[in-house]
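Close look at the chain arrangement
Each chain is listed here by its residues.
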Amino acid sequence: MIDPKLLRYQPNIILEKLRNRGFTLNIENLNFIQEKRKKIQFEIENLRHSYKNLSKIIGKKLNIEQNYKVLKEEVFSIKNNLLIKNHQLKKIQDKIKNIVSYIPNIPDDSVPFGIGYSDNKVILSWGKIKEFKFNIQNHIELGKKINGFDWFTASKMSGSRFVVMKDKMALLYRAIGQFMLDVHTIEHGYLETNIPYLVNTESMYGAGQLPKFQKELFYVSTVHQKKKNNKYILIPTAEVPLTNLFRNTILSEEQLPIMLTAYSPCFRAESLSYGQDTRGLIRMHQFDKVEIFHITSPENSMSSLDKLTLHAEKILQLLELPYRKVLLCTGDLGFSAAKTYDLEVWFPAQNKYREVSSCSNMSDFQTRRIQAKYRQKKTKKNILLHTINGSGLAIGRTLAAILENYQNSHGVVEIPKILSKKYMYGMKFLN
């Protein structure tokens, strides 16, 4: 969540920044509720003070002429009032928390203003787009011809937006993930981390997934779990558990930056997607992804974002897949992001670029929720850390891009050289 002090002391600036990203905050309503909270807190403090003083009089019998029965009745009345006021305070605090929880992050000053996708800024384009002298097939058609995808059986087992991969296709899928992990751990210096795929609501809240995206998540519970707080949620991205590794921790400055990577399945309802996006590997309910994650000091977070993005780009370059790097405008930013670069890979069958990675600086938006700090050497103060994350990359979309970019006129797919020898046992073609 954003710093409440910014809303208190710089309301006009913050409201304008939020409007730039398409979010309107009713600050008058929020201030009204805050004033109610302050009033009740003041009343509670007065009641506590009275309760304490009267308890002393009764306990020490400081005034023997006092009617202790009346005093005891007064103490009992104060105690009841305290219960009522504390209940009222809790309801108001929950209401404030709910309002604040829906406020998105503040865009960084370097983010261009815009309404949506068409206002994003292309930073660079890499790689040569192939010219095909035959009818291009999309990855769904190629997968069917190669007999690598079984959509029908997956649909019988689980419903739409699931797939069964077979034989060489399954091997290539696994190889892509292993290749990504090797590059990030061996060449880029990330610490590989195996994380839980089921998390609690607190973890989802800490990563900024709840309450905003509650309809996009899959919830899991067993028969014997009757309490609401026993409900698990399948992770939509490894960003969630990686972020929560640092919940309620204070790191030393010497430990920074910390760079982690994790290979995990991701589960998303994708209820808002429709049309062509629902076909193939683009928007699945279950897919695999290699996540890359940094946690660092505020002054280093933007350089860390650039570094992390270059690491994701390196994967596309090694696979020789044409892509472009796009700086998202204010109106296209994700809920928790202060700044985002999207990497979009070329899909020849669609004659367009499709996002394969989003690399974002979350600033202190997540760390304020999870209370992750570091001890600053110079000031001896505990400062909120910054989190940076991205896909390095989404494996299904990367596979789809390989199939389409490496196809030939016979429907045979060449395997990228970087994968062929080391990860595919010398196999050169998928057919």
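Quick look at the structure, then. Treat the numbers as computed from the prediction; the structure is a model and nothing was measured. (Residues numbered from 1 in each chain as written. Predicted model: local features only at pLDDT ≥ 70, side-chain atom pairs only at ≥ 80, totals over all residues. Heavy atoms only, no water.)

Looking at helix 12 (residues 395-405)
- Judged by how many residues are buried, helix 12 sits mostly within the fold: 11 of 11 residues are covered.
- Taken residue by residue, helix 12 has Ile395, Gly396, Arg397, Thr398, Leu399, Ala400, Ala401, Ile402, Leu403, Glu404 and Asn405 as its buried positions. (Buried < 20%, exposed > 50% of the residue type's maximum accessible area, 1.4 Å probe, protein only. Helix = DSSP H or I, 4+ residues; strand = E, 2+ residues; numbered from the N terminus.)

Concerning the sheet that holds strand 1 (residues 121-126)
- Here we have eight strands laid out as an open sheet, ordered 1-11-12-13-16-10-9-4, and mixed in their pairing. Only two strands of the sheet have a single neighbouring strand rather than two, namely strand 1 and strand 4 (191-192).
- Direction of pairing for strand 4 relative to strand 9 (residues 258-267): parallel, over a ladder of two bridges. When the sheet's bridge partners are listed, glutamate 192 is paired in strand 9 with threonine 261.
- Packing of helix 7 (residues 167-187) onto the sheet brings it into contact with strand 4, strand 9, strand 10 (286-296) and strand 16 (386-394), and relative to strand 10 it is tilted by some 5°. (Pairing = 2+ DSSP bridges. Contact = heavy atoms within 4.5 Å. Axes fitted to C-alpha atoms, helices over the stretch in contact; angles between N-to-C directions.)

Observations regarding the packing of aromatic side chains
- According to the stated counting rule, one finds eight aromatic pairs in the structure shown.
- Taking 5.7 Å as the distance between ring centres and 25° as the angle between the ring planes, the aromatic pair formed by tryptophan 126 and tyrosine 323 counts as stacked. Remark: tyrosine 323 occurs in strand 11 (residues 323-327) and tryptophan 126 occurs in strand 1; sequence separation between them is 197 residues.
- For tyrosine 323, a relative accessible area of 0% corresponds to the buried category.
- Feature note: the residues Phe213, Phe335 and Phe365 constitute an aromatic cluster, connected by ring pairs. (Phe/Tyr/Trp six-rings, centres within 6.5 Å; stacked < 30°, edge-to-face > 60°.)

Here we look at helix 2 (residues 11-20)
- For helix 2, the full list of buried residues reads Ile14, Leu15, Lys17 and Leu18. The buried residues of helix 2 occupy an angular sector of 160° when the element is viewed end-on, so they sit on one face.
- Of the residues one or two after helix 2, glycine 22 is the one with positive phi, at around 85°. (Arc of directions from axis to C-beta.)

Some thoughts on the sheet that holds strand 6 (residues 218-220)
- With antiparallel pairing, three strands are arranged side by side in an open sheet as 5-7-6. Strand pairing shows two members of the sheet lacking a second neighbour, strand 5 (198-199) and strand 6, which therefore form its edges.
- The pairing of strand 5 with strand 7 (residues 232-234) spans two bridges and is classified as antiparallel. When the bridges of strand 7 are listed, leucine 198 appears paired with leucine 234.

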